[in-house]
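# Working through the structure, step by step
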Amino acid sequence: MLLLLFITWKVDWILPFIPVVLLGGVAAWFLFQRPLLNLVTVLCCFILVADFEDGIQPAEVFYGLYYLAFLGVWFFKRLFLMEKPVFVRVEDKFLFVFLLLMSLTFPLTLLFGGSVKMFIGEWSSLSLFAFYFPVKEAIEDNRYGLHWMVFVVGVLGLFVLGRNFYQYSNILSDAEQAWQVVKGRAVTNTAQIAATSFFALSLYLYARKWAAKFFFLGLYVAFIGGLILTQSRGYWVAVLFGSLILLLFVSKKDRNRLILTGALTAGSVLIIAMVLFGDLITLVFGGLLDRVASIGSAASKDISLVNRFLETQAVWEQIKSNPVLGHGLGVSYRFFDITYENSNAKSFIHNGYLAIWYQFGIWGVCLFFGFLGTLIRRIFSVVRSEHKDRLVLTSSQAILGIMATLLLATLTSNPFYLNDATLLLGLVTGIAGGCYSLNRANLKIESTDSDSSAESYS
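Before going into details, it helps to say that this report is about the structure given with it. (Residues numbered from 1 in each chain as written. Predicted model: local features only at pLDDT ≥ 70, side-chain atom pairs only at ≥ 80, totals over all residues. Heavy atoms only, no water.)

Another aspect to go through is the overall build of the protein chain. If you tally the helices and strands in the protein chain, you get 20 helices and two strands. Going through the 458 residues of the protein chain one by one, you find that 47% of them count as buried. The contacts in the protein chain between residues at least 6 apart in sequence include a share of 76% that link residues at least 24 apart. Accessible surface for the protein chain amounts to roughly 23300 Å². Of this, 68% is attributable to carbon and sulfur atoms. (Helix = DSSP H or I, 4+ residues; strand = E, 2+ residues; numbered from the N terminus. Buried < 20%, exposed > 50% of the residue type's maximum accessible area, 1.4 Å probe, protein only. Contact = heavy atoms within 4.5 Å. Areas by Shrake-Rupley, 256 points an atom, 1.4 Å probe, with all protein chains shown as cover.)

The next thing to look at is a nonpolar patch on the surface. Together, Phe76, Leu79, Phe80, Leu81 and Met82 make up a nonpolar patch on the protein surface, roughly 530 Å² of accessible area in all. Structurally, the position occupied by Met82 is in the loop between helix H4 (58–81) and helix H5 (90–103). Residue Met82 is classed as partly exposed on the basis of its relative accessible area, which comes to 35%. (Patch = residues over 30% accessible without salt bridge, like charges linked within 9 Å, V, L, I, M, F, W, Y side chains within 5 Å. Salt bridge = Lys/Arg side-chain N within 4 Å of Asp/Glu carboxyl O.)

With that settled, the discussion passes to the nonpolar core. Judged by nonpolar contacts, the single largest core of 107 residues is most densely connected at Leu43, Phe131, Met149 and Ile431. When near neighbours in sequence (up to four residues on either side) are disregarded, Phe131 contacts Leu39, Val42, Leu43, Tyr67, Phe70, Leu71, Leu423 and Gly426. Core analysis: the second largest hydrophobic core is formed by 10 residues, Ala314, Tyr333, Phe335 and Tyr358 among them. (Core = buried A, V, L, I, M, F, W, Y, C linked by side-chain atoms within 4.5 Å.)

What follows is about the packing of aromatic side chains. Overall, the coordinates contain 30 aromatic pairs when judged by the stated rule. Measuring from centroid to centroid gives 5.7 Å for Phe360 and Trp363, while their planes differ by 65 degrees, and the two rings are edge-to-face. One end of the pair is Phe360 and the other is Trp363, both in helix H18 (residues 352–385) and three residues apart, which spans about a single turn. Both residues of the pair, Phe360 and Trp363, belong to the buried class. Ring pairing ties together the aromatic residues Phe98, Phe129, Tyr353, Phe360, Trp363, Phe368, Phe369 and Phe416, which thus form one cluster. Here the guanidinium or amino end of Lys213 rests over the ring plane of Tyr204, the centre of that ring lying 5.4 Å away. (Phe/Tyr/Trp six-rings, centres within 6.5 Å; stacked < 30°, edge-to-face > 60°. Lys NZ or Arg CZ within 6 Å of the ring centre and 35° of its normal.)

With that out of the way, let us pick up the packing of helix H3 (residues 35–44) against helix H8 (residues 132–141). Contact pair H3 / H8: the axes reach a minimum separation of 11 Å and the direction vectors enclose 135 degrees. Taken together, the axis directions place H3 and H8 in an arrangement best described as oblique. Relative to H8, H3 is oriented so that their crossing is left-handed. Mapping the contact onto sequence places Leu36, Leu39 and Leu43 in H3 and Pro134, Val135 and Ala138 in H8. (Axes fitted to C-alpha atoms, helices over the stretch in contact; angles between N-to-C directions. Parallel < 35°, antiparallel > 145°, perpendicular 65-115°, else oblique. Left-handed = near helix turned anticlockwise from the far one by under 90°.)

Summarising the sheet, strand E1 (residues 333–337) and strand E2 (residues 342–346) pair through five bridges and their orientation is antiparallel. Its bridge partner being in E2, Arg334 is matched across the sheet by Ala345. What sits between E1 and E2 in their antiparallel hairpin is a turn of four residues, with Glu341 showing a positive phi close to 60 degrees. (Pairing = 2+ DSSP bridges.)

The next subject is helix H13 (residues 233–248). The end-to-end C-alpha distance of H13 is 23 Å, a good match for the 22 Å that 16 residues give at a rise of 1.5 Å each. Of all the residues in H13, the buried ones are Arg233, Tyr235, Trp236, Ala238, Val239, Gly242, Ile245, Leu246 and Leu247. (Expected span 1.5 Å × (residues − 1).)

Let's shift gears to H4. Relative to the 34 Å expected for 24 residues at 1.5 Å per residue, H4 spans 33 Å between its end C-alpha atoms, a close match to the ideal helical length. Of all the residues in H4, the buried ones are Tyr63, Gly64, Tyr66, Tyr67, Phe70, Leu71, Trp74, Phe75 and Arg78.

Turning our eyes to something else, we now look at the pattern of salt bridges. Should the charged atoms of two oppositely charged side chains come close, the side chains can pair. Overall, the coordinates contain seven salt bridges when judged by the stated rule. For Arg378, the salt bridge identified is with Glu91, shortest N-O distance 3.1 Å. Here the residue Arg378 occupies a position in helix H18, and Glu91 occupies one in helix H5, the gap between them amounting to 287 residues. When its relative accessible area of 0% is taken as the criterion, Glu91 is described as buried. Note that Asp92 and Lys136 form a salt bridge whose closest N and O atoms lie 3.6 Å from each other. Within this pair, whereas Asp92 is found in helix H5, its partner Lys136 is found in helix H8, the two being separated by 44 residues in sequence. For the pair formed by Asp92 and Lys136, the shared burial category is buried. Overlapping salt bridges bring together Arg89, Glu91 and Arg378 as one network.

Written out as structure tokens, the structure reads:
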């Protein structure tokens with residue numbers, strides 16, 4: 001009461017926020033006693049900051065405090081209050097050591113003249129990889145943990161899809177000239193759309209009821225349509241590559257169904273586009289066909305892609321100057337930008353592989369890609385084992401396609417910089433680790449059952 005009296009007297013502009021703080025405290029007290037619900041909530045609340053806006057928005061402050069509080073409480077309890085080991089497998093140790101050392105690179109940022117603001121921004125983005133641990137634990141310890149994590153992927157993907165369709169419809173309605181229709185695109189959060197499309201495809205393949213099949217097929221068609229509207233050629237090629245990888249490791253029956261699904265999707269997207277765009281369909285398809293036709297010559301004629309090659313060359317020269325320790329987060333480099341025809345200094349690097357090496361040196365490359373490489377090997381083993389649980393097998397196949405897609409897209413679109421892609425990777429890798437744990441537990445049960453049968457027979 002004394003505090004409230006002081007605020008009323010001295011800083012009355014804070015008064016409207018007091019009920020919000022009180023309600024937030026009650027919500028936090030409720031959620032932090034329910035770990036799985038809290039995890040699902042903090043992941044779904046990412047939709048508040050999924051769009052990119054200039055400056056620091058109140059929603060970004062709220063989400064930043066929320067997710068840091070969640071991760072801080074989670075790690076404190078597991079490291080100091082619980083006897084259960086947190087870092088069991090080699091990939092767990094790779095990621096934890098990487099996140100720990102990443103946080104200690106601030107002296108490098110100061111040494112190389114980096115920006116403290118950029119350090120905080122890039123650190124907060126990469127710290128979202130820490131969600132790997134609670135997501136994996138939720139799947140291992142909760143019967144419905146995997147169901148909830150797939151649900152979160154769907155919520156994030158559907159939100160992005162709906163928002164992008166809305167933005168694209170505004171672009172078309174506001175267009176005054178033909179070129180504005182041809183060049184119109186909704187490019188935000190492309191990685192989310194690509195990832196959710198793989199889950200929709202896998203769920204369609206393994207759905208038993210026709211109603212479920214039509215539902216997931218409709219979702220897959222919608223996500224492919226949303227991916228097309230981004231006009232992101234890199235992700236078009238990457239998703240095609242991921243789909244081909246998926247084709248190699250599914251059964252012959254599923255392979256035929258995938259090919260048929262691809263044909264159905266192409267026809268459905270064409271029909272839906274003709275209905276939705278009406279008279280504008282010629283202009284829209286003309287722009288898309290131009291983008292498709294330019295893929296083959298992009299490496300030599302597309303100024304944006306050529307500029308990224310020049311950027312990569314400049315970054316490589318910087319890497320050679322300090323290949324072991326790296327330069328730290330938030331450190332800019334300079335190169336001649338041919339799109340603006342001037343020398344440009346920035347910290348963002350389109351090539352994600354070189355970005356990790358530039359920032360963290362060879363130790364960062366070994367730890368970070370050791371983590372990803374080990375997980376890919378784990379999820380590949382689950383796909384090959386043909387796990388009896390349909391959702392485990394479905395999720396594993398989807399993640400195999402997603403990882404193949406993102407690893408190719410990383411060459412030209414860095415997923416380790418923007419928070420939407422890093423959160424997605426933290427979620428997807430956590431699901432991969434959880435699926436591997438469930439598969440290993442299932443193999444142990446089958447082995448025990450076989451031994452028991454053998455003993456009974458004897």
